[in-house]
Amino acid sequence: MPVNFFDDYTMTIDGRAGVSAATIEAINPATEEVIAQVPDASRAQLDEAVDAARRAFPAWSARPVAERQAFVSKIGDAIEAHAEDFMRLLTREQGKARAGAEWEIGGSVIWCREIAKQELPLHVVEESDDRTVETRRVPLGVVGGITPWNFPVLLAIWKIAPALVAGNTMVLKPSPYTPLCTLKLGEILRDILPAGVLNIVSGGNDLGAWMTGHPGIAKVSFTGSTATGRKIMESSASNLKRITLELGGNDPAIVLPDVDPAKVAQELFWAAFQNSAQFCVAAKRLYVHADVYDELRDALVDYAKTVKVGDGAEQGTDLGPIQNRMQFEKVKDLLVDAKASGLKALIGGEVEDGTGFFVPVTIYDNPPEDSRVVREEAFGPILPLLKFDDLEDVVARANDTEYGLAASVWSNDSQKAKEIASRIEAGTVWINEIHSFSPHVAFGGHKQSGVGIENSLEGLAEYTNSQTIVTRRVPASSGA
Ligand code: NAD
């Protein structure tokens, strides 16, 4: 059935449209206009979705893995077939510019197709005259997926694809700030997936909390803030749910003195500001060796002046607005604090009055290590440049955070860069590049940036329990 991407947003429960009397508003962050009303699911509707997923589980999990892989690959085909609509809607609801929307939707297609190639091997531990010992992976049941507002489609696919390939069924809840693309994904998949296999429900934070406490849900896979991650860990204890938590970060990027500032400035700019820095793995603290600090600082600021912040739907826009008012106020508060603390903004630093949640690209010149713009995850286009001249000192400063999501090291001396990388407390450390993700490469946070892994066979395994079957060979003499 044709789906109108720009109207009539419904939940998908047991393969059918779900509406509710209560609704929440979706707002275009560039214009502040209300662009849609979406259902605000009741607890009874969540129960219905969980029941549907539980009923669908036996048949879905009993299918050969090749069939489930084929279904997940078809999800990729369906996204590709609607790519233009998804990109336009993503820009309207999230704010991101066209290039960012292309990256996210294109990536979602690739993820479906690549995760659809993955299968967890049977591990034969022992095969002797006496017995065989085999460990296999079995699905968990119903997985609850909870996603944030910065990459609403891609991060949903990071959960849907492995959960379904592994044999689980699902109830997924998008962020109340960006529900539209996810609801449309549910609608287009009604014709593709068996009823109940993937249920999409929309609502506020309460709905998320009901999910994490729900006895019918076996696992929660969550991407969002560290503060919410803590709450989820607590409430998941009720039925000892499995959890995967992909949380916040305050990623350091370390630039060594042998680097040519002119060559890396542009890449470092995008390392920090991609998606208006609403990126868990954005370079959020840029440590630059004193020998190249001034040159790199000037090159970054020169490049920043060429970047256009505006409505993502307008041609020529490089960076869109902050996605929602709550985050906009948080980012503005950081700017006010920085100004009151006397920090020097090399560019930006002030938000102009007007329509839309726009924040200019802001770069601070060597603020104190204990300033809020260094200590906190801004999740907005604010970058502190920090000077160092001692490697021991910079490693200590880079690690002096509760977070441990990712980091990057920039140097022509790859051996030295690797030595530094190995001392950084983070789940991913890139050297001379950044933000290269793959469905086949493990991604997850250290410290308070998360629990567990997404992507790779390790990520797939998180959607399963391990089951060992020990078979004693019955001696022929004991037969009938
Ligand atoms: P958030 O924690 O506010 O919300 C994320 C989701 O959790 C939303 O769907 C929300 O409705 C839901 N939620 C809120 N309270 C809940 C509760 N008590 N129980 C269950 N669910 C609840 O995060 P956000 O502001 O949407 O996203 C930004 C954060 O996400 C940043 O900290 C960013 O670093 C992080 N993030 C991490 C990754 C990663 O892979 N590590 C990726 C993207 C974003």
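Bear in mind the structure is a predicted one, so any value in this text is a computation, not a measurement.

(A) Representation of the overall build of the protein within the structure. A count of helical and extended segments in the protein gives 15 helices and 22 strands. Relative to the compact-globule value of 23 Å for 480 residues, the protein shows a C-alpha radius of gyration of 24 Å, a close match. Taken over the C-alpha atoms alone, the protein extends approximately 85 × 60 × 40 Å along its principal axes. Just so you have it, the protein exposes about 19,800 Å², and 50% of that area is on carbon and sulfur atoms. Seen as two clouds, the 46 positive and the 66 negative side-chain charges of the protein have centres 5 Å apart.

(B) A look at the site of the ligand. In the vicinity of the ligand, 29 residues are found, and the nearest of them are Asn205, Ser225, Thr228, Leu247 and Glu377. Take Trp149: an N or O atom from its side chain is 2.9 Å from an oxygen atom of the ligand. A distance of 2.6 Å separates an oxygen atom of the ligand from a polar side-chain atom of Glu377. Computed on the free molecule, the ligand has an accessible area of 850 Å², of which 92% lies beneath the protein chains in the complex. Those elements that provide at least two residues to the shell around the ligand are α7 (205-212), β10 (219-223) and α8 (226-235). Tallied by class, residues from the shell around the ligand come to 14 nonpolar, 11 polar and 4 charged.

(C) Region of the structure containing unusual backbone geometry. Its identity as a non-glycine residue notwithstanding, Asn432 has a phi of 60°, on the positive side. As for its placement among the helices and strands, Asn432 is situated in the loop between β19 (428-431) and β20 (446-447). Unlike most non-glycine residues, Lys447 shows phi in positive territory, near 45°. As for its placement among the helices and strands, Lys447 is situated in strand β20.

(D) Region of the structure containing the sheet that holds strand β6 (residues 131-139). Strand order in the open sheet made by the 3 strands is β5-β6-β22, with antiparallel pairing throughout. Across the chains shown, the open sheet's two edge strands, defined by having one partner strand only, are β5 (123-127) and β22 (464-472). Averaged over neighbouring strand pairs, the angle between their axes works out to 20° when direction is ignored. The pairing of β5 with β6 spans 4 bridges and is antiparallel.

(E) The packing of helix α3 (residues 83-94) against helix α6 (residues 180-189), seen in detail. Closest axis-to-axis distance for the α3/α6 pair is 9 Å, and the angle between their directions is 150°. Considered as vectors, α3 and α6 are oriented roughly antiparallel to each other. In contact with Phe86, Leu89, Leu90 and Glu93 of α3, α6 contributes Leu180, Cys181, Lys184, Leu185 and Ile188. Residue classes in the contact of α3 with α6 are distributed as 7 nonpolar, no polar and 2 charged.

(F) Summary view of helix α9 (residues 261-273). Taking 1.5 Å of rise per residue, 13 residues should cover 18 Å, and α9 covers 17 Å from first to last C-alpha, within 8% of that figure. Burial in α9 covers these residues: Pro261, Val264, Ala265, Leu268, Phe269, Trp270, Ala271, Ala272 and Phe273. The elements touched by buried residues of α9 are β12 (251-255), β13 (283-289), α10 (290-304), β15 (362-365), β16 (382-388) and β18 (406-410). The positive-phi residue at the C-terminal boundary of α9 is Asn275, with phi of around 60°.

(G) Molecular detail of the pairing of β15. Covered by surrounding structure in β15 are Thr362 and Tyr364 together with Ile363 and Asp365, the residues of both alternating faces. Sheet topology note: the strand β14 (residues 345-347)/β15 ladder contains 2 bridges and is antiparallel. By the bridge assignment for β15, Ala345 is matched with Tyr364.

(H) Fine view of the pattern of salt bridges. Applying the stated criterion across every chain, the model contains 30 salt bridges. Residues Asp365 and Lys344 are paired through a salt bridge, measuring 3.6 Å at the closest nitrogen-oxygen approach. Of this pair, Asp365 sits in strand β15 while Lys344 sits in the loop between α11 (325-340) and β14, and the two are 21 residues apart along the sequence. Overlapping salt bridges, with partners in common, bring together Asp294, Arg297, Asp298, Lys344 and Asp365 in one network.

(I) Structural detail: the sheet that holds β12. Strand order in this open sheet of 7 strands is β14-β15-β16-β13-β12-β18-β19, and the pairing throughout is mixed. Both edges of this open sheet fall to β14 and β19, since each of them pairs with a single strand only. Strand-to-strand, the axes of this sheet are offset by a mean angle of 25°, without reference to chain direction. Where β12 lies against β18, 3 bridges are found, and the strand directions are parallel. Its bridge partner lying in β18, Ile254 is registered against Val409. Across the sheet, helix α13 (residues 391-399) lies against β12, β13 and β16, angled at about 150° from β16, the strand it touches most.

What counts and how
Residues numbered from 1 in each chain as written. Predicted model: local features only at pLDDT ≥ 70, side-chain atom pairs only at ≥ 80, totals over all residues. Heavy atoms only, no water. Helix = DSSP H or I, 4+ residues; strand = E, 2+ residues; numbered from the N terminus. Rg over C-alpha atoms; globule rule 2.2 N^0.38 Å. Areas by Shrake-Rupley, 256 points an atom, 1.4 Å probe, with all protein chains shown as cover. Lys, Arg positive; Asp, Glu negative; His and termini not counted. Charge placed at Lys NZ, Arg CZ, Asp CG, Glu CD. Near = heavy atom within 4 Å. Polar contact = N/O pair within 3.5 Å; in protein donor to acceptor, adjacent residues only side chain to side chain. Nonpolar A, V, L, I, M, F, W, Y, C, P; charged D, E, K, R; others polar. Pairing = 2+ DSSP bridges. Axes fitted to C-alpha atoms, helices over the stretch in contact; angles between N-to-C directions. Parallel < 35°, antiparallel > 145°, perpendicular 65-115°, else oblique. Contact = heavy atoms within 4.5 Å. Expected span 1.5 Å × (residues − 1). Buried < 20%, exposed > 50% of the residue type's maximum accessible area, 1.4 Å probe, protein only. Salt bridge = Lys/Arg side-chain N within 4 Å of Asp/Glu carboxyl O.

Geometry only, nothing functional implied.
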